[in-house]
Amino acid sequence: MTDAPIVDIDPFSDEFRRDPEPAGERLQEAGPVVYLKSHGIYGMARYAEVHAVLRDHESFCSSGGAGLANFKKEKPWRPPSLLLEADPPEHTRVRRIVSRIMSPRVVEGLRPEFERRADELAARVAARGEIDGVAELAQAYPLLVFPDAVGVGEDGRENLIRYGSMVFNSFGPRNELFREAMKDAGPVQEWIAAHTRRDALAPDGLGDRLYQAADRGEITSDEAALLVRSLLSAGVDTTAHALAWALHTFATHPAEWARVRDDPSLVRPAFEEVMRLASPVLTMFRTTAREVTVAGTVIPADEKVLLFIAAANRDPREWPDPHRFDIDRRAAHHLSFGSGVHACVGAAIARLEAEALFTALARHVRTIELAGPPTPRPNNSLNALAELPLHLTAAR
């Protein structure tokens, strides 16, 4: 029994993944809170309610699991994430350590190497002309710089893309996408386990600094290993998807790319607008910690609530003309990095990567054009591209 409008949308269906925008609009028009009968869960797609839930960790907890599985009603099938699936004060303890290790000073210290690698990559792809924007830019660049920052060796880094796919597909039902992502998962998990050990990490990288926190007794060695895994699962895959959508957006909005090329200071606001318009995160879950009332709808305790992040980022109640790419828009309060105590701890590094890469491309690439239709990469939680054929014209 519920007093929320009952909606027949399945957020994990092929139809939804192919084109989530119409479904997002239907959900918004249905009401501030809806009930999704396909999975027996509540949902929200309007910006105001989604933003409020993300910032209210006392009423909408994360310890119920980041996915569809309800850890309040069933035993977790895997160890919960120390960052994504813990609540204060336990979350606060771990988050404080990770935030210190990835402080603004530390992130800014990564800038020279990130910019150097971005310039080399941009020069190479500009000279080639015809490229796959996903494999040769959006994935290639994070795989160059982020594992270096963590301290992971060069061999087998492609496993990080598969690992991210495994993690984010696990947030949905045990459907074909999940089964495909987990197929032959053993070698990937073995690689991750081997490369997150302390002896496999470069001295004084982000990973090693987590183990240094364990030396000081702030966390255990096992927790340090799990946190390194968390960095690797979220630090490459989602950033690669964001960069791919930025490339696609610039390719389909040549006038905006010309503005960025002429004034690279626009790279940062342009990337924020890409994150709003083409959010790589479609949905994320919270679980009610107690009975709560939202916009007149009573949601019982221990119920799953699905937040439609991409839809909220296009809510016309918050964003005028929400489907238009506008690099002059003040878009930094989008929800693609979350909000509140569980906001993405690596957001500053993702922004640095985007700034370094597209500033370098602005120097080396005059035009970015689609050379063919993009190929989507279906995922239970993410909005992703598998291939993005591009034609680049080198700057003279």
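What counts, and where the lines are drawn
Residues numbered from 1 in each chain as written. Predicted model: local features only at pLDDT ≥ 70, side-chain atom pairs only at ≥ 80, totals over all residues. Heavy atoms only, no water. Salt bridge = Lys/Arg side-chain N within 4 Å of Asp/Glu carboxyl O. Helix = DSSP H or I, 4+ residues; strand = E, 2+ residues; numbered from the N terminus. Buried < 20%, exposed > 50% of the residue type's maximum accessible area, 1.4 Å probe, protein only. Phe/Tyr/Trp six-rings, centres within 6.5 Å; stacked < 30°, edge-to-face > 60°. Lys NZ or Arg CZ within 6 Å of the ring centre and 35° of its normal. Core = buried A, V, L, I, M, F, W, Y, C linked by side-chain atoms within 4.5 Å. Pairing = 2+ DSSP bridges. Axes fitted to C-alpha atoms, helices over the stretch in contact; angles between N-to-C directions. Contact = heavy atoms within 4.5 Å. Parallel < 35°, antiparallel > 145°, perpendicular 65-115°, else oblique. Nonpolar A, V, L, I, M, F, W, Y, C, P; charged D, E, K, R; others polar. Arc of directions from axis to C-beta.

Novice: Can you lay out the pattern of salt bridges for me, pointing to particular residues and giving the numbers?
Specialist: Throughout the structure, instances matching the rule amount to 35 salt bridges. The salt bridge partner of R111 is E115, with a shortest N-O separation of 3.3 Å. Here E115 and R111 lie together in helix 5 (residues 104-128), a separation of 4 residues that amounts to about one turn. Owing to a relative accessible area of 35%, E115 belongs among the partly exposed residues under this scheme. Of the charged contacts in the structure, one is a salt bridge between D262 and R261, with a shortest N-O distance of 3.7 Å.

Novice: Tell me about the packing of aromatic side chains, residues and numbers included.
Specialist: Within this structure, the stated rule accounts for 8 aromatic pairs. Centroid distance F250 to F358: 5.5 Å. Interplanar angle 55 degrees. Geometry classified as tilted. Pair noted here: F250 is in helix 13 (residues 237-252) and F358 is in helix 17 (residues 347-364), with a separation of 108 residues, a long-range link. Here F250 matches F358 in class, with each residue buried. Here the aromatic residues F250, W257, F325 and F358 are joined through ring pairs into a cluster of three or more. Looking at R174, its charged tip hangs above the ring of F178, at a distance of 4.4 Å from the centre. Over the aromatic face of W319 sits the side chain of R276, whose NZ or CZ is 5.3 Å from the ring centroid.

Novice: Give me the lowdown on the nonpolar core, citing residues and values where you can.
Specialist: One broad trend across soluble globular proteins is that nonpolar side chains are buried collectively. Residues M44, F358 and L361 are the most contacted members of the largest nonpolar core, which totals 113 residues. At 11 residues, helix 17 tops the list of elements feeding residues into this core. One finds V7, A23, L27 and F285 within the second-largest nonpolar core, a separate group that totals 17 residues.

Novice: Any details on unusual backbone geometry? Residues and values, ideally.
Specialist: For the bond from P88 to P89, the omega torsion is 5 degrees, close enough to zero to count as cis. Along the chain, the position of P89 falls in the loop between strand 4 (60-61) and helix 4 (90-101). The phi dihedral of D184 is positive, around 55 degrees, even though this residue is not glycine. On the secondary structure map, D184 appears in the loop between helix 9 (176-182) and helix 10 (185-195). The backbone phi angle of D321 is positive, close to 45 degrees, even though this residue is not glycine.

Novice: Any chance you could break down the sheet that holds strand 2 (residues 34-36) for me, citing the residues and the numbers?
Specialist: Sheet architecture is open: 6 strands sit in the order 1-2-3-9-6-4, paired in mixed fashion. Of all strands in the sheet, those bounded by a partner on one side alone are strand 1 (6-7) and strand 4. Sheet topology places strand 4 next to strand 6 (residues 283-288); 2 bridges connect them, and they run antiparallel. What sits directly across from C61, in strand 6, is T287.

Novice: Just give me the short version of the pairing of strand 13 (residues 389-394), but keep the residues and values in it.
Specialist: Alignment of strand 5 (residues 130-132) against strand 13, held across 3 bridges, turns out to be antiparallel. Looking at strand 13, one finds that I131 is bridged to L390. Note: strand 10 (residues 365-370) against strand 13, 5 bridges, orientation antiparallel. Across the sheet, L370 pairs through a bridge with L390, a residue of strand 13.

Novice: Let's hear about the sheet that holds strand 10: which residues, and what values?
Specialist: Strand order across the open sheet formed by 3 strands is 5-13-10, with antiparallel pairing between neighbours. Each having just a single partner strand, strand 5 and strand 10 make up the two edges of the open sheet. Taken pair by pair, the neighbouring strands of this sheet meet at an average axis angle of 30 degrees, ignoring direction.

Novice: Tell me about helix 15 (residues 267-277), and please be specific about residues and values.
Specialist: Among the 11 residues that make up helix 15, 9 are buried, leaving the element largely enclosed by the rest of the structure. Three or more residues of helix 15 are buried, namely V267, A270, F271, E272, E273, V274, M275, R276 and L277. The elements touched by buried residues of helix 15 are helix 13, helix 14 (254-262) and helix 17.

Novice: Any chance you could break down the packing of helix 8 (residues 159-169) against helix 12 (residues 221-235) for me, citing the residues and the numbers?
Specialist: For the pair helix 8 and helix 12, interaxial distance at closest approach is 8 Å and the crossing angle is 95 degrees. Comparing the axis directions of helix 8 and helix 12 gives the class roughly perpendicular. Contact residues: L160, Y163, G164, V167 and F168 in helix 8; R229, L232 and S233 in helix 12. Classifying every residue of the contact of helix 8 with helix 12 gives 5 nonpolar, 2 polar and 1 charged.

Novice: Requested: an account of helix 14, with residues and values cited.
Specialist: Taken as a whole, helix 14 has its buried residues at E256, W257 and V260. Along the axis of helix 14, the buried residues cluster in a sector spanning 100 degrees; they form a single face. Relative to its buried face, helix 14 has exposed residues pointing more than 90 degrees away, namely P254 and D262. As for helix 14, its buried residues are in contact with helix 13, helix 15, helix 17 and strand 10.

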